[in-house]
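Observations on the model geometry
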Amino acid sequence: MVHLGRRFGGWLLALSVALLLSALTPLHAQPGSATLTGIVLDPDGNAIPNAAVVLRSDATGFVRAISTDGTGRFSVDGIPAGAYVVEVTASGFIQTRRANVQLVAGKTENVSVALAVAGVSEAVTVSAALPAAAQTAVSQGSLTARSAQSMISGEFIQNFTSPIADYSQVIQMAPGTFSVSPNGVGLGDTKTFFRGFKDGYYSMTFDGLPFNDTNDPTHHSWAFFPAQFLGATVFDRSPGSASSIGPSTFGGSVNLMSRTPGSAPRTNLSASFGSYSTKLFDVDFDSGTFGPDGRSRFLLDAHEMNSDGYQTFNFQKRDAVSGKYQYSLSDHTVLTAFGSYIDVKSNTPNQKGATRAQVAQFGDNFLMTGDPSSPLYYGYNFYHIPTDFEYVGVKSNLGSGWSFEDKVYTLSYDNKQNYNSLTAISTTSATDKLNSYRKYGNLAPLSQVSPYGVFRTGLWSELAYTDRYQAPSDPRTWVDAALPNFHEKFTTTTLQPYAEYELRVTQNLRITPGLKLAYYKQDFTQFADNGKTVGNLGGAASVSHAATYTSWLPSLDAHYMLKSNWSAYAQYGKGQNIPPTSVFDVKNAAVQTLPNPTLTDTYQAGTVYKSGRLALDVDVYRINFENDYSSTIDQVSGEPVYYVSGTEVTKGIEAESTILVGGGLSLYLNGTTGSARYTDTGLWSQNAPEDTETVGLNLQRANWGIGFYNKRIGTMFNDNGDTHEAVPIDPFNITNLFVNYTLRGSTPFSQSKVRLSVNNLFDRHYITGVNPAGTKTSAPAPGDVLTIMAGRSVSLTFTVGFSPRP
């Protein structure tokens, strides 16, 4: 199977190169068509060359993408008459969108587009030029990208993911990624892996602001941001440049973006009904521009989701609301405010999968029982996780190419969990658990565009307050024992100042050196416990101590435009990750020598090509790890157990391509092949497939949209807490189908739609992960906990949209 995957990856590259040569045929104007010309300028009126210009029609699905020439000008002919959206993107500037551009047959429309300077929070948007081959491509690179990036468009998220999806499904089909939810898509806390990196080895941001746990930089897919809240996502498989901020740029970053309010008012009412008694009701309101000067607009979304889940007695309920407000204070200053609140309730044990013995006896969807006399009774296992995320930002053009932005934010995560032992019911068999934190932060980037290039500097600062405990408890009464298993409170202070200069060496060549300081200070108070963590502390009630971690992180990249639609880049970047707070979970919290932050050196190079018929990007990479940590999940406490596992090298090649076949049909392909091995033994890192391949078919014709996507994950291994390559995991496939019918035209109900979503189309029940029962042997055992792909799920969604016409 591995050789087959490598042959497939080679076939993908060969096919893409062949299509690259054949895609150079120009498109000519058609009789009775319109022409669009224009110029793209910076805030001082200077022309911007190599800007990406995308013209598209929401009514017909027409898409055309080109780049500006050396004088900042562009021209598109052969355009059917009608109303169009023009979107312009350039490196160092904020993406600009011009709606309702009217084109008349036989005439030429000329537009002038002025771009504002981008701060760091827009960098991921700017570096991800809009799709050139198809708006609904699964993912694709950018002509302006300086590293290996994949852009997932908002159109793809809204049309070709499940209505209950989370962010793990948004990036599921991108090169090299995989995730599996044993309870069904969007119905559990799902972890995403890529290039051998587990969750916690990459950063995640929302509108440029990082979010993650405080005991280690991991994430929770069912909290903060359901897919309905997302406008687009940029997946950067690198530490990024110096301006890429976050707690763990170790392996890369997943940059989620909020939806942008439109210029016209619109209301959407949606109802979705699916497998496992899943129901979702959603209200979405876009105000359009309003106010005396038309400078205000806001977006509001609220939904409720209920589901039984695939796994027996794994109920879940999610209430969510988000809102975004924008106000133009002047022609040079914009105020943005965003807020979201998510409340997740679930009946599920800390063990996320069934054991081999339980699967053999009850089936692969077994998790709990309805019998109160059983330790696995669902009433003894439940979560309640309210989260919120808010920010206010001001962005101002200061003149002479200078731009300043300031975003102030706060977020909280309050995971209150109760779960019982798998084998007993007693006064101490259950666990009363809390993981709660509140963060306050600020992101203040300053940038300047000049004829010589783009200068970026700024500071990310954050203060987090955390309270965590686990206490033995009686599941029948939830009366806790006198002493906990552990209880700790700590604050984390984070500072990341940075500076970089994107030097314009020639019109087509840019070189960007940069430097960032990553500073963390943690102040702990650990309380006396029952001996399972720090012990009785010699009779003291608590012990206090502090830890400081500092890393200097240089970066260097070069970007060259070979042609207006073909670019190449090379990059070096150093990433970091601080150790988890569990390093202090020893007797008396006595840590003699703090472990150093985990560091990586990443080297990669790639190329991106775009035309009207083809989008292609290819990259090669090598990443050297230092002081890597591995972990296994303790089956009783549910907490990760960390152990030092030596240095590691991961390297490989990745490619993705979208090909317009014709008649509204496009073909998406990606393939990866590589290795992630420990340098001392040559053994594989866990959850690092030897290869992955994706095939997608997308049909956009008249009112219909159809997407078929299949991803194959190659052979990989799981550890057992003592040995690498302990358990081999056979290759598996993830296959999804989506069918949409959208009402188009100029009626007030335009964009109303019906959506059919089928996840795991062929109803495969693959074993995608094994947590062995013990560390002494890797032979299959009855107590092994299995992660099994959830069975087929089907949902039907009805959306009634209303937009009053002038």
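Whatever comes next refers back to the structure up there.
How each quantity is defined
Residues numbered from 1 in each chain as written. Predicted model: local features only at pLDDT ≥ 70, side-chain atom pairs only at ≥ 80, totals over all residues. Heavy atoms only, no water. Helix = DSSP H or I, 4+ residues; strand = E, 2+ residues; numbered from the N terminus. Contact = heavy atoms within 4.5 Å. Phe/Tyr/Trp six-rings, centres within 6.5 Å; stacked < 30°, edge-to-face > 60°. Buried < 20%, exposed > 50% of the residue type's maximum accessible area, 1.4 Å probe, protein only. Lys NZ or Arg CZ within 6 Å of the ring centre and 35° of its normal. Pairing = 2+ DSSP bridges. Patch = residues over 30% accessible without salt bridge, like charges linked within 9 Å, V, L, I, M, F, W, Y side chains within 5 Å. Areas by Shrake-Rupley, 256 points an atom, 1.4 Å probe, with all protein chains shown as cover. Salt bridge = Lys/Arg side-chain N within 4 Å of Asp/Glu carboxyl O. Polar contact = N/O pair within 3.5 Å; in protein donor to acceptor, adjacent residues only side chain to side chain. Core = buried A, V, L, I, M, F, W, Y, C linked by side-chain atoms within 4.5 Å.

On to the side chain of Ser322, then. Considering the arrangement of structural elements, one finds Ser322 in strand E16 (residues 316-328). Setting aside its immediate chain neighbours within four residues, Ser322 contacts Phe229, Leu299, Leu300, Asp301, Phe338, Gly339 and Ser340.

Going through the model one piece at a time under the given rule, you end up with 47 aromatic pairs. Between Phe338 and Tyr391 the ring centres are 5.9 Å apart and the planes differ by 20°, which places this aromatic pair in the stacked class. With Phe338 in strand E17 (residues 333-346) and Tyr391 in strand E19 (residues 382-399), this residue pair connects regions lying 53 residues apart in the sequence. With relative accessibility at 6%, the residue Phe338 sits in the buried group. Three or more aromatic residues joined by ring pairs make a cluster, and in this case those are Phe206, Phe211, Phe224, Phe225, Phe338, Phe389, Tyr391, Tyr413 and Tyr437. Positioned over the ring face of Tyr621 is Arg195, at 3.7 Å from the centre of the ring. The side chain of Lys198 reaches across the aromatic face of Tyr201, ending 5.3 Å from its centre.

This part covers the sheet that holds strand E11 (residues 230-236). Sheet architecture is open: five strands sit in the order E8-E11-E12-E9-E10, paired in mixed fashion. In this open sheet, the two edge strands, each paired with only one partner strand, are strand E8 (149-152) and strand E10 (209-210). Judged from the six bridges that link them, E11 and strand E12 (residues 253-258) form a sheet pairing that is antiparallel. If you follow Val234 over to E12, its bridge partner there is Asn255.

Moving on to the environment of Val359. Examined against the element boundaries, Val359 turns out to sit in helix H5 (residues 356-362). Considering only alpha carbons, one finds Val359 and Pro782, 423 residues apart in sequence, at a separation of 9.4 Å. Residues within four places of Val359 in sequence aside, it is in contact with Ala354, Asp364, Leu786 and Ile788.

In this section: the sheet that holds strand E18 (residues 354-355). If you walk across this open sheet you meet the three strands as E18-E40-E39, and the pairing is antiparallel. What marks the edges here is a single partner per strand, and that holds for E18 and strand E39 (767-771). Pairing of E39 with strand E40 (residues 785-788), which is carried by four bridges, proceeds in the antiparallel orientation. Bridge pairing in E40 places Asn771 opposite Val785.

The pairing of strand E22 (residues 453-473) with strand E23 (residues 486-504) spans 18 bridges and is classified as antiparallel. Following the sheet pairing, Val454 is matched in E23 by Glu502. The pairing of E23 with strand E24 (residues 509-527) spans 13 bridges and is antiparallel. When the sheet's bridge partners are listed, Thr492 is paired in E24 with Gln522. What sits between the antiparallel neighbours E23 and E24 is a turn of four residues.

Turning to a nonpolar patch on the surface, a few remarks are in order. On the surface, Phe273, Phe281, Trp704, Tyr741, Val754, Leu756, Val794, Leu796 and Phe798 cluster together into a nonpolar patch covering about 750 Å² of accessible area. Among the elements that line the nonpolar patch, the one with the most residues is strand E41 (residues 793-802), at three residues. The exposure class assigned to Val754 is partly exposed, which follows from its relative accessible area of 33%.

This paragraph deals with the pattern of salt bridges. Counting across every chain of the model gives 26 salt bridges. Where Asp601 meets Lys574, a salt bridge forms, and the shortest distance between an N and an O atom there is 2.8 Å. With Asp601 in strand E27 (residues 598-610) and Lys574 in strand E26 (residues 566-577), this residue pair connects regions lying 27 residues apart in the sequence. Neither residue differs from the other here; Asp601 and Lys574 are each classed as buried. Among the charged side chains, a network of salt bridges with common partners joins Arg146, Arg456, Glu500, Glu502, Arg510 and Asp557.

Attention now moves to the side chain of Asp529. If you trace the backbone, Asp529 turns up in the loop between E24 and strand E25 (542-563). There is a polar contact of 2.8 Å between the side chain of Asp529 and the backbone nitrogen of Gly531. Side-chain polar atoms of Asp529 contact the backbone nitrogen of Val534, separated by 2.9 Å. Apart from the residues within four sequence positions on either side, Asp529 is in contact with Leu483, Pro484, Asn485, Phe486, Val534, Gly535 and Asn536.

Attention shifts here to the nonpolar core. Soluble globular proteins tend to bury their nonpolar side chains together. Grouped together as the largest cluster of nonpolar side chains are 68 residues, with contacts concentrated most on Phe211, Phe224, Phe225, Leu256 and Phe389. Top contributing element to this core by residue count: E19, with four residues. Leaving out residues up to four positions away in the same chain, Phe211 has contacts with Met204, Thr205, Phe206, His219, Phe224, Phe225, Leu256, Phe389 and Leu411. Core analysis: the second largest hydrophobic core is formed by 20 residues, Ala34, Phe74, Val88 and Leu103 among them.

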